[in-house]
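Letter by letter, the chains look like this.
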Amino acid sequence: MNQSLCARHLEAAALPLIDIAGLFSPDLAERTAVAERIGAACREVGFFCVANHGVDPALQQAVFEQARAFFSQPEAGKRALDKVFSNANRGYEPLRGQVLEAGAPADLKEGFYIGEELAEDDPRVLAGRFNHGANQWPSELADFRPTMERYRDAMNALAARVMGAIALSLQLPEEHFAGFCRDSMSTLRLLHYPPQPANAAPGEKGCGAHTDFGGLTLLLQDENPGLQVWDRHSMSWIHAAPVPGTYVVNLGDMIARWTNDQYRSTLHRVVNISGRERYSVPFFFSGNPDHLVECLPTCLAAGEAPRYPAVTVEEHHREMYRRTYG
Ligand SMILES: O=C(O)CCC(=O)C(=O)O
Ligand SMILES: [Fe+2]
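Residues numbered from 1 in each chain as written. Chains lettered and ligands numbered in written order. Predicted model: local features only at pLDDT ≥ 70, side-chain atom pairs only at ≥ 80, totals over all residues. Heavy atoms only, no water.

Describe the overall build of the chain, and please don't skip the residues or the numbers.
Looking only at helices and strands, one finds 9 helices and 14 strands in the chain. Taking 20 Å as the expected radius of gyration for a compact globule of 326 residues, we find that the chain reaches 19 Å, a close match to that expectation. Projected onto its principal axes, the C-alpha coordinates of the chain cover approximately 55 × 50 × 40 Å. Every one of the 326 residues in the chain was classed for burial, and the buried ones make up 56%. Partitioning the contacts of the chain with sequence separation of at least 6, the portion at a separation of at least 24 is 75%. Here the chain has roughly 14000 Å² of accessible surface; of this, 55% comes from carbon and sulfur atoms. Across the chain, the mean location of the 30 positive side-chain charges is 4 Å away from that of the 40 negative side-chain charges. (Helix = DSSP H or I, 4+ residues; strand = E, 2+ residues; numbered from the N terminus. Rg over C-alpha atoms; globule rule 2.2 N^0.38 Å. Buried < 20%, exposed > 50% of the residue type's maximum accessible area, 1.4 Å probe, protein only. Contact = heavy atoms within 4.5 Å. Areas by Shrake-Rupley, 256 points an atom, 1.4 Å probe, with all protein chains shown as cover. Lys, Arg positive; Asp, Glu negative; His and termini not counted. Charge placed at Lys NZ, Arg CZ, Asp CG, Glu CD.)

I'd like a rundown of empty space enclosed by the protein, residues and numbers included.
Evaluation of the coordinates by the stated rule reveals 1 cavity of 30 Å³ or more. Taken as a whole, the largest cavity spans an internal volume of roughly 310 Å³. Counting only elements with at least two residues in the lining of the largest cavity, the list comes to β5 (187-193), β6 (207-210), β7 (216-221), β11 (268-270), β12 (278-285) and α9 (313-325). A breakdown of the residues in the lining of the largest cavity according to their chemical character gives 14 nonpolar, 10 polar and 3 charged. (1 Å grid on protein atoms, 1.4 Å probe; cavity = no way out; pocket = protein on both sides within 12 Å on 5 of 7 lines; lining within 4 Å. Points joined across faces, edges and corners; volume = space filled by probe spheres on them. Nonpolar A, V, L, I, M, F, W, Y, C, P; charged D, E, K, R; others polar.)

Before we move on, can you summarise the site of ligand 1 with the specific residues and values?
Taken together, the neighbourhood of ligand 1 is formed by R189, L191, Y193, H210, D212, L219, H268, V270, R278, S280, P282 and F284. Here an oxygen atom of ligand 1 and a side-chain polar atom of Y193 are 2.6 Å apart. One of the side-chain nitrogen or oxygen atoms of H268 is found 3.0 Å away from an oxygen atom of ligand 1. Here ligand 1, which alone exposes 290 Å², has 97% of that area covered by the protein. Given that more than half its atoms are within 2 Å of the pocket grid, ligand 1 belongs to the largest cavity. Of all the elements in the fold, those that place two or more residues in the shell around ligand 1 are β5, β11 and β12. By residue number, the principal contributor to the shell around ligand 1 is β12, which donates 4 residues. (Near = heavy atom within 4 Å. Polar contact = N/O pair within 3.5 Å; in protein donor to acceptor, adjacent residues only side chain to side chain. Sits in = over half its atoms within 2 Å of the grid points.)

How would you summarise the nonpolar core if you had to cite specific residues and measurements?
It is characteristic of soluble globular proteins that their nonpolar side chains tend to be buried jointly. Formed by 84 residues in total, the largest nonpolar core has its most connected members in I38, Y151, M163, I166, F177, L190 and L216. Looking at this core element by element, the count peaks at 12 residues for helix α6 (residues 144-169). Other than its neighbours up to four places away in sequence, L190 contacts V63, A67, F71, E110, G111, F112, I114, F144, M148, S280 and V281. (Core = buried A, V, L, I, M, F, W, Y, C linked by side-chain atoms within 4.5 Å.)

Describe in detail the side chain of N89, supporting the description with residues and values.
Looking at the secondary structure, you find N89 in the loop between α4 (75-79) and β3 (91-93). At 3.5 Å, the side chain of N89 and the side chain of N131 are in polar contact. Leaving out residues up to four positions away in the same chain, N89 has contacts with K83, Y113, F130, N131 and Y321.

Tell me what's going on with the sheet that holds β6, and back it up with residues and numbers.
Taken in spatial order, the 4 strands line up as β6-β11-β8-β9 in an open sheet, and their pairing is antiparallel. Looking at the sheet topology across the chains shown, the edges are occupied by β6 and β9 (236-239). Neighbouring strand axes in the sheet, compared pairwise and without regard to direction, differ in orientation by 25° on average. Taken together, the 4 bridges between strand β8 (residues 227-231) and β9 define a ladder with antiparallel strand orientation. Bridge pairing links D231 to S236 in β9. (Pairing = 2+ DSSP bridges. Axes fitted to C-alpha atoms, helices over the stretch in contact; angles between N-to-C directions.)

So what's going on with the pairing of strand β2 (residues 47-51)? Which residues, and what values?
Along β2, 5 of the 5 residues are buried, which leaves the element largely enclosed by surrounding structure. Going residue by residue along β2, you find F47, C49 and A51 tucked away on one face and F48 and V50 tucked away on the opposite face as well. Across 3 bridges, strand β1 (residues 17-19) lies against β2 in parallel orientation. Directly across from D19, in β2, lies its bridge partner A51. For the segment spanning β1, helix α2 (residues 28-44) and β2, crossover handedness is right-handed. In this sheet, strand β10 (residues 247-251) lies alongside β2 in antiparallel orientation, the contact comprising 4 bridges. (Right-handed = clockwise from strand over helix to strand, strands pointing away.)

Provide a residue-level description of the sheet that holds β3, including the pertinent values.
Sheet architecture is open: 8 strands sit in the order β1-β2-β10-β7-β12-β5-β4-β3, paired in mixed fashion. Edge strands, defined here as strands with exactly one partner in the open sheet, are β1 and β3. Averaged over all adjacent pairs, the angle separating strand axes in this sheet is 25°, with direction ignored. Lying over the sheet, helix α3 (residues 57-71) contacts β3, β4 (110-115), β5, β7, β10 and β12, oriented at roughly 115° with respect to β12.

Structure, rendered in structure tokens:
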């Protein structure tokens with residue numbers, strides 16, 4: 001994306017818009033300058049848009065095409081890859097399969113989960129590690145798997161780069177989170193939201209209000225708005241309309257735990273009032289399952305205590321899946 005496009009969208013964007021071209025510079029000062037902007041957005045909102053992220057637009061379009069092709073299959077075809085057949089939360093999740101907002105009706109979205117590909121005889125799979133296993137792939141869509149694998153690789157690389165910037169923004173060495181980023185148990189999630197029905201039950205919506213569980217989320221949206229982000233100042237929902245060519249980046253609960261809530265994991269939801277089918281592709285960069293997430297000493301003021309006990313990435317995710325899938 002060029003500068004003029006960024007500038008034109010700057011006013012329209014409800015979330016901070018950050019040009020991250022400088023993160024690809026060999027010059028540490030340029031990377032640090034971008035990191036400072038990211039740090040300010042993390043403290044203030046916990047949500048921001050990034051432009052000049054380097055991800056191939058043709059690859060993004062291919063991901064949407066494959067997602068549409070998958071979800072437009074007859075229900076029986078999708079159900080053949082139901083998540084219930086997976087020991088690693090992979091595959092199809094039908095409409096109303098998750099309750100992201102405790103006490104609210106189930107979410108009006110259907111989804112498809114993809115993770116790192118691990119063979120059934122991998123020691124981590126044999127040991128029953130959470131979310132570790134093989135993917136379920138739709139055999140009738142020949143381009144689906146290679147497209148998603150290329151995209152997942154691109155997302156892992158971009159997320160690790162943004163984690164480097166977050167480290168810099170906290171006055172830590174850029175590689176501070178390298179152990180977290182190594183062999184991340186990331187999840188790529190394809191989502192399809194039907195238009196919000198006129199006769200929706202009270203509180204029924206695409207995605208109930210929630211914070212993301214993990215480290216970083218990189219969200220690719222189609223052109224249909226629907227995402228809403230809680231604004232603690234106005235105590236109302238910001239409508240985060242899609243900005244072409246950008247990702248929405250938001251922080252998950254683990255970064256809030258690291259920073260003792262200095263960096264925010266902010267409430268968000270989806271209401272698809274566009275009147276059209278909406279597709280989105282969040283990528284959850286969850287981190288290394290064995291990594292211990294505990295408050296960074298540099299994020300504690302004198303005499304302040306950590307708000308959260310230390311937890312491993314795996315323990316934390318196991319608990320969050322239990323809460324939202326019952
Ligand atoms: O579809 C979206 O825009 C957001 C989805 C989301 O918040 C999630 O899956 O955690
Ligand atoms: Fe989310």
